[in-house]
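# Chain and residue survey
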Amino acid sequence: MNDSHTVPSGLRLRVYQLLVLLALFGLWWGLTASAILPPFFFGEPLRVLVRIGEWFASGDIYPHLGVTLIETVLAFAFGTGLGLAVGLWLALSPTAAVLADPYIKAANAMPRVILAPIFAVWFGLGIGSKVALGITLVFFIVFFNVYQGIREVSPVVLANARMLGAGRRQLLRHVYLPSAMSWVFSSLHTSVGMAFVGAVVGEYLGSAKGVGYLILQAEGSFDINTVFAGILVLTACALLLDGLVSQVERRLLAWQPGQGNTEKI
Amino acid sequence: MSDCALSFAAVSAAFAAPGGGRYTAVAGVDLDVAQGEFVCVVGPTGCGKSTLLNMAAGLLQPSAGQVRVFGQPLDGLNRHAGYMFQADSLMPWKSAIDNVMAGLIFRGTSPVEAREQARYWLQRVGLAQHADRYPHQLSGGMKKRVALAQMLILDPRIILMDEPFSALDIQTRQLMENELLDLWSADRKSVLFITHDLEEAIALSDRVVVLSAGPASHPIGEFAIGLPRPRDVAEIRLTPHFVELHGRIWGAMKEEVLKGYAQSQGMARASGGRHE
């Protein structure tokens, strides 16, 4: 990764990346402006950007974006908490683990997006149903990582902590939890992304607010430029969240020797 | 009996073998460690040395026989013992100083006082500068020092060591051995030290116990090491007395080592055949 002769880094890399973005927009603009691709189906980049500008200038987008982000954060928080609790419980209680095993497998194998209509019936068209969908997506990622994390605690570290006098609760706090947390954080990128997916898909399937709702509305009126604008705003938000996760990860996993998926090219 | 810090009486350990049946690691072990005595156990690889130590620590229960600590039968973990493991045993998510103070925290010492003591012990093992580093930022020798401080801070009456320096290069190893002897001579604790390295065993201990090759390994010889203390482990290897002791103990060990080697070869062949 330090091969500075071939791989650009730092500011230069950012400039190159920006150039790629501009080139992609240029290509899009060229193809649609020259009508090689019909603008009706593929949108017009300039109008898309104008749309985004209008949203932010008028402030119309904020309530929708706010709702989507609140759903994401709630789904992420509850999903992670639940996954952590259940993961700890099952990993430390072998009887419960073997009993629950087929059900966990079944629940994980099921395509959970299909639960969205049921959640809409149960929790209404407000925030609740989207959070519920997000939780089902996040839960399993965190759960499996915690379960794995507890199982992979080095037996030597465990025996050492016991010899130093750690009781059950202290083992949980000083050995099991930190080990599990490292696995949880390494899956944080995926789980934040999934919480976001849950929120947007939920909105798309039925809601009165949120960026997913905006996209659905625009699609209904064949306003393809607004659809693209919504997608771009969502992508930017996802990138921001991902960056935030990387920051948190870097601070909390300082003890790890350069592992995890923080390094991306 | 009561002046024994640690004593094994007819101790055996058997495990369920992977292919069915059982594997007897050690059988009929009688072994005493007196208070303040430094005992080394040597034996060929795979002879159940670590099993012996785990039983002394209370991490394993003997299948038969009894382990006694200061005359009391051992039930559960051995609260008088500190254990230094062969593999990395530090908590990787704790800095050096947090690792050293962990035992005190577990025993209910206040964090402020625990930190102060940990600082003192890190200084004793020469790592005052590296208190805030994480284990992955420390070299192999430094990690062993942290582990040593982590154990000694609790002031255990018995120290159990399982080839603690086997992963270190020879120079670092001799430094660590000298440091261990220094720390030990300050307040002679009882030590049961496991190694496969006969030279290390002689250089460190008061008494060397030789184990037979597994399975059902048991002590086949005991040798008092009358070398004067304090010792320098690098220099003492060159004295005639050391060479003479080495020759005698090696004479007793050699056959067992060859037996152990033949067995591990046989096992490798057998498992290789199964794969084909």
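Residues numbered from 1 in each chain as written. Chains lettered and ligands numbered in written order. Predicted model: local features only at pLDDT ≥ 70, side-chain atom pairs only at ≥ 80, totals over all residues. Heavy atoms only, no water.

### So, the overall build of chain B
The condition is simple: Working definition: helices are DSSP H or I runs of at least four residues, strands are E runs of at least two. Numbering for both runs from the N terminus. Values of the radius of gyration come from C-alpha atoms, whereas the globule rule sets the reference at 2.2 Å times the count of residues to the power 0.38. When accessible area is computed with a 1.4 Å probe and restricted to protein chains, residues below 20% of their type maximum are described as buried, those above 50% as exposed, and intermediate ones as partly exposed. By definition, residues are in contact when any of their heavy atoms lie within 4.5 Å. What sets the accessible areas is the Shrake-Rupley method with a 1.4 Å probe; for residues, cover comes only from the shown protein chains. Counted as positive: Lys and Arg. Counted as negative: Asp and Glu. His and the chain ends are not counted at all. Throughout, a charge is located at the NZ atom of Lys, the CZ atom of Arg, the CG atom of Asp or the CD atom of Glu.
In terms of regular secondary structure, chain B is built from eight helices and ten strands. Here chain B has a C-alpha radius of gyration of 19 Å; the compact-globule value for 276 residues is 19 Å, and the two agree. Residues classed as buried in chain B amount to 50% of the 276 residues present. Here the contacts in chain B between residues at least 6 apart in sequence split such that 69% fall between residues at least 24 apart. As displayed, chain B has an accessible area near 12,300 Å², and 52% of this comes from carbon and sulfur atoms. The positive charge centre, built from 26 side chains, and the negative charge centre, built from 29, are 4 Å apart in chain B.

### Some remarks on the overall build of chain A
Scanning chain A for helices and strands turns up twelve helices and zero strands. In chain A, the succession of α and β elements from N to C terminus is α-α-α-α-α-α-α-α-α-α-α-α. Dimensions of chain A, computed from the C-alpha atoms along their principal axes, are close to 75 × 60 × 30 Å. A burial count over chain A gives 40% of its 265 residues as buried. Surface exposure of chain A reaches about 14,900 Å², of which carbon and sulfur atoms provide 70%.

### Concerning the confidence of the model for chain A
Detail in the predicted coordinates should be disregarded across regions flagged by low pLDDT. As a reminder, the rule being used: pLDDT measures the predictor's confidence residue by residue and takes values from 0 up to 100.
Of the residues in chain A, 95% reach a pLDDT of 70 or more, and the chain-wide mean stands at 86. Taken as a whole, residues 259-265 of chain A scores under 50 in pLDDT and shows eight contacts with residues more than four places along the chain or in a different chain.

### Quick look at the sheet that holds strand β2 (residues 22-34) of chain B
Residues and elements named next belong to chain B. The following threshold applies: Pairing between strands is defined by DSSP: at least two bridges between the two strands are required. Axis lines are fitted through C-alpha atoms, for helices just across the contact stretch, and the angle between N-to-C directions can take any value from 0 to 180 degrees.
The four strands lie next to each other as β2-β1-β4-β5, forming an open sheet whose pairing is antiparallel. Single-partner strands in this sheet number two, and they are β2 and β5 (72-73). The pairing of strand β1 (residues 4-16) with strand β4 (residues 64-69) spans five bridges and is classified as antiparallel. Pairing of L6 across the sheet is with V69, part of β4. Where helix α1 (residues 49-57) meets the sheet, it contacts β1, β2 and β4, and its direction lies at approximately 120 degrees from that of β1.

### Quick word on the pairing of strand β3 (residues 38-42) of chain B
Residues and elements named next belong to chain B. Most of β3 is tucked away: five of the five residues are buried. Here β3 shows a buried face lined by F38, C40 and V42 and a second buried face lined by V39 and V41. Looking at chain direction, β3 and strand β8 (residues 190-195) are connected through five bridges and run parallel. Considered in β8, the bridge of C40 is made with F193. Examined bridge by bridge, β3 and strand β9 (residues 207-211) share four bridges and lie parallel to one another. Bridging across to β9, V41 finds its partner in V209.

### Observations concerning the interface of chain B and chain A
We apply this condition: Once two parts are joined, some of their accessible surface, as seen by a 1.4 Å probe, is lost; buried area is that loss totalled over both. Contacts described as polar in this section are N or O atom pairs within 3.5 Å, which, within protein, must combine one atom able to donate a hydrogen with one able to accept it, while residues neighboring in sequence count only if both atoms come from side chains. In this classification, the charged set is Asp, Glu, Lys and Arg, the nonpolar set is Ala, Val, Leu, Ile, Met, Phe, Trp, Tyr, Cys and Pro, and all remaining amino acids, among them Gly, are polar.
The interface of chain B with chain A comprises 24 residues on the first partner and 19 residues on the second. Buried area between chain B and chain A, summed over both chains or domains, comes out near 2,100 Å², and the portion from carbon and sulfur atoms is 69%. Counting the surface chain B buries against chain A, the share from its top three residues, W93, F106 and H136 of chain B, is 36%. At the junction of chain B with chain A, the criterion picks out six residue pairs in polar contact (both at pLDDT 80 or more). Elements with a contribution of two residues or more to the side of chain B that touches chain A: β6 (81-84) and α2 (96-106) of chain B. Of the residues belonging to the side of chain B that touches chain A, the class tally is 15 nonpolar, five polar and four charged.

### Structural notes on a nonpolar patch on the surface
This is how it is decided: To count toward a patch, a residue needs a relative accessible area above 30% and no salt bridge. Like charges then connect within 9 Å, nonpolar side chains (Val, Leu, Ile, Met, Phe, Trp, Tyr) within 5 Å. The working definition used for a salt bridge is a side-chain nitrogen of Lys or Arg within 4 Å of a carboxyl oxygen of Asp or Glu.
A grouping of L11, V15, Y16, L18, L19, L21 and L22 of chain A is seen on the molecular surface, where their side chains present a nonpolar patch of about 720 Å² in accessible area. Within the secondary structure, L21 of chain A is located in helix α1 (residues 10-33).

### Concerning the sheet that holds β6 of chain B
Pairing between the strands of a sheet is mediated by backbone hydrogen bonds and can be parallel or antiparallel. All names here are of chain B. Here six strands make up an open sheet; going across it, the order is β6-β7-β8-β3-β9-β10 and the pairing mixed. The sheet terminates laterally at β6 and β10 (219-224), the two strands that pair on one side only. Neighbour-to-neighbour, the strand axes of this sheet turn through a mean angle of 15 degrees, independent of strand direction. Relative to strand β7 (residues 158-162), β6 runs parallel, the two sharing four bridges. Bridge pairing in β7 places M84 opposite M161. This element, helix α5 (residues 170-186), spans β3, β7 and β8 of the sheet and lies at about 140 degrees to β3.

### What to know about the domain arrangement of chain B
Residue and element names in this part refer to chain B. Under the convention used in this document: Per the annotation, domain bounds derive from an automatic or database assignment of domains.
When its domains are assigned, chain B resolves into domain 1 (4-80 + 161-176 + 189-275) and domain 2 (89-155). Domain 1 and domain 2 are separated by 27 Å when their C-alpha centres are compared. In this assembly, seven residues from domain 1 lie in contact with eight residues from domain 2. Between domain 1 and domain 2, the buried area comes to about 670 Å², and carbon and sulfur atoms account for 68% of it.

### Considerations on the nonpolar core
Soluble globular proteins tend to pack their nonpolar side chains together in the buried interior. Cut-off, in case you're wondering: As used in this record, nonpolar core signifies buried Ala, Val, Leu, Ile, Met, Phe, Trp, Tyr and Cys residues forming a set joined through side-chain atoms within 4.5 Å.
Core analysis: the largest hydrophobic core is formed by 112 residues, its most contacted members being V175 of chain A together with F38, L148, M161, F193, I202 and V208 of chain B. The dominant element in this core, judged by the number of residues it contributes, is helix α7 (residues 127-151) of chain A, at ten residues. The residue makeup of this core includes at least three contributed by each of domain 1 (4-80 + 161-176 + 189-275) and domain 2 (89-155) of chain B. In this structure, F38 of chain B is in contact with L180, L181, W184, V191, F193, L204, S205, D206, R207 and R229 of chain B, ignoring residues within four places of it in sequence. Within the second largest apolar cluster, 32 residues are counted, among which are A5, L31, L53 and V209 of chain B.

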